Amino acid sequence: MNPWKQLLDVQALDTSLTQLDHRERQLPARAELVEVEDQLAALRAEVAAAEGEKHVLDKEQKRIEDEIASIEDKIASADRQLYSGSSDVKELQALQDEIAALKRRISGLEDQELELMEQVEPIDARLAGLAERQAELDQRAVALTAGIAEAEADIDRERNEVRDRRAEVVADIDPGALQEYETVRGRLGGVAVARLEHGSCGACHMKLSAVEHDRILHLSPEEPVRCEDCGRFLVRD
């Protein structure tokens, strides 16, 4: 049996394996998943920035609340002194003035707190919208990942079928010819054997010289012949 014709079948199977590898790498869902992951990364950065803004406002609000609580304690203490039964008019007046000043301070702080709450409100709304968008993207990423896994499983099954067929074909090929095929294939981009079609190489599509073409036609079909341009083995009928 002509080993070069057999190797042409092996070449077809190897090309199928290469195409399957390429198809696996270039699954459309992969590019979409990368895009979704990029969007998620940008969204997480936006969430972190918004949470940072809110943290600053929350910290300031807590400071104000603590100050209000401290002032309220002072007012309570002044109230107790005011109603302790002291008859010193100046002291009572001073306590009343202090309480009034403290209440004004509380009023001012409450205004500041209200302003802070008004600033926090749109941030909370933005964070809620971002959380909703993140949930959508997370769901899409999960669906894409599952789709990629399913496609990979399909390709793996197809790849295993091709490998099984290749093993059957290779089993009947002369080991020396097979070794030459593997060597040339590794050196020339995965293609080692091509048909000689109308005087041209089926791989590089260069037309052989008339002298070379005539010489090949007079050789035995089992005699290995290589393209004078690309160096691949040529199979002729």
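Residues numbered from 1 in each chain as written. Predicted model: local features only at pLDDT ≥ 70, side-chain atom pairs only at ≥ 80, totals over all residues. Heavy atoms only, no water.

**Regarding the overall build of the protein chain**
Reasoning step 1: The secondary structure content of the protein chain amounts to five helices and three strands.
Reasoning step 2: Listing every helix and strand of the protein chain by position from the N terminus yields α-α-α-α-β-β-α-β.
Reasoning step 3: Relative to the globule expectation of 18 Å for 237 residues, the C-alpha radius of gyration of the protein chain, 41 Å, shows a markedly less compact shape.
Reasoning step 4: With the C-alpha coordinates aligned to their principal axes, the bounding extent of the protein chain is approximately 135 × 35 × 25 Å.
Reasoning step 5: Taking all 237 residues of the protein chain together, the buried fraction comes to 32%.
Reasoning step 6: For the protein chain, the proportion of contacts with a sequence separation of at least 24, taken over those separated by at least 6, is 73%.
Reasoning step 7: Across the protein chain, the mean location of the 31 positive side-chain charges is 5 Å away from that of the 53 negative side-chain charges. (Helix = DSSP H or I, 4+ residues; strand = E, 2+ residues; numbered from the N terminus. Rg over C-alpha atoms; globule rule 2.2 N^0.38 Å. Buried < 20%, exposed > 50% of the residue type's maximum accessible area, 1.4 Å probe, protein only. Contact = heavy atoms within 4.5 Å. Lys, Arg positive; Asp, Glu negative; His and termini not counted. Charge placed at Lys NZ, Arg CZ, Asp CG, Glu CD.)

**Quick look at the packing of helix α1 (residues 3-25) against helix α3 (residues 89-170)**
Reasoning step 1: Relative to each other, α1 and α3 sit at 165 degrees, their axes nearing to 10 Å. Taken together, the axis directions place α1 and α3 in an arrangement best described as roughly antiparallel. The way α1 lies across α3 gives a crossing that is left-handed. Residue-level contacts link Gln6, Asp9, Val10, Leu13, Asp14, Ser16, Leu17, Leu20, Asp21, Arg23 and Glu24 of α1 to Glu152, Ile155, Asp156, Glu158, Arg159, Val162, Arg163, Arg165, Arg166, Val169 and Val170 of α3.
Reasoning step 2: For the contact of α1 with α3, the residue count by class is eight nonpolar, two polar and 12 charged. (Axes fitted to C-alpha atoms, helices over the stretch in contact; angles between N-to-C directions. Parallel < 35°, antiparallel > 145°, perpendicular 65-115°, else oblique. Left-handed = near helix turned anticlockwise from the far one by under 90°. Nonpolar A, V, L, I, M, F, W, Y, C, P; charged D, E, K, R; others polar.)

**Section: the packing of aromatic side chains**
Reasoning step 1: Enumeration over the complete set of coordinates arrives at one aromatic pair.
Reasoning step 2: Directly above the aromatic system of phenylalanine 233 lies the positively charged group of arginine 226, at a separation of 4.9 Å from the ring centroid. (Phe/Tyr/Trp six-rings, centres within 6.5 Å; stacked < 30°, edge-to-face > 60°. Lys NZ or Arg CZ within 6 Å of the ring centre and 35° of its normal.)

**Considerations on the environment of alanine 41**
Reasoning step 1: Summarising the element assignment, alanine 41 is placed in helix α2 (residues 28-82).
Reasoning step 2: Counting along the chain gives 26 residues from alanine 41 to threonine 15, while the straight-line C-alpha distance between them is 38 Å.

**So, the pattern of salt bridges**
Reasoning step 1: With the rule as written, the count across this model stands at 19 salt bridges.
Reasoning step 2: In this structure, the salt-bridge partner of glutamate 152 is arginine 30, at a minimum N-O distance of 2.5 Å. Highlighted residues: glutamate 152 in helix α3 and arginine 30 in helix α2, separated in sequence by 122 residues.
Reasoning step 3: Between arginine 185 and glutamate 182 there is a salt bridge whose closest N-O contact spans 3.9 Å. Of the two residues, arginine 185 and glutamate 182 are both situated in helix α4 (residues 175-187); the distance of three residues between them amounts to about one turn of the helix.
Reasoning step 4: Linked through salt bridges whose partners overlap, the residues forming this network are Asp14, Arg166, Glu182 and Arg185. (Salt bridge = Lys/Arg side-chain N within 4 Å of Asp/Glu carboxyl O.)

**Focus on the side chain of asparagine 2**
Reasoning step 1: Examined against the element boundaries, asparagine 2 turns out to sit in the segment before α1.
Reasoning step 2: Asparagine 2 has contacts with Pro221 and Glu222, leaving out every residue within four places of it along the chain.

**A look at the sheet that holds strand β1 (residues 193-197)**
Reasoning step 1: The mixed open sheet is built from three strands, whose spatial order is β2-β1-β3. Only two strands of the sheet have a single neighbouring strand rather than two, namely β2 (200-201) and β3 (233-235).
Reasoning step 2: As judged from the two bridges shared by β1 and β2, these two strands associate in the antiparallel manner. Its bridge partner being in β2, leucine 196 is matched across the sheet by cysteine 201.
Reasoning step 3: Together, β1 and β3 form the strand contacts of α1, whose direction differs from that of β1 by roughly 115 degrees. (Pairing = 2+ DSSP bridges.)

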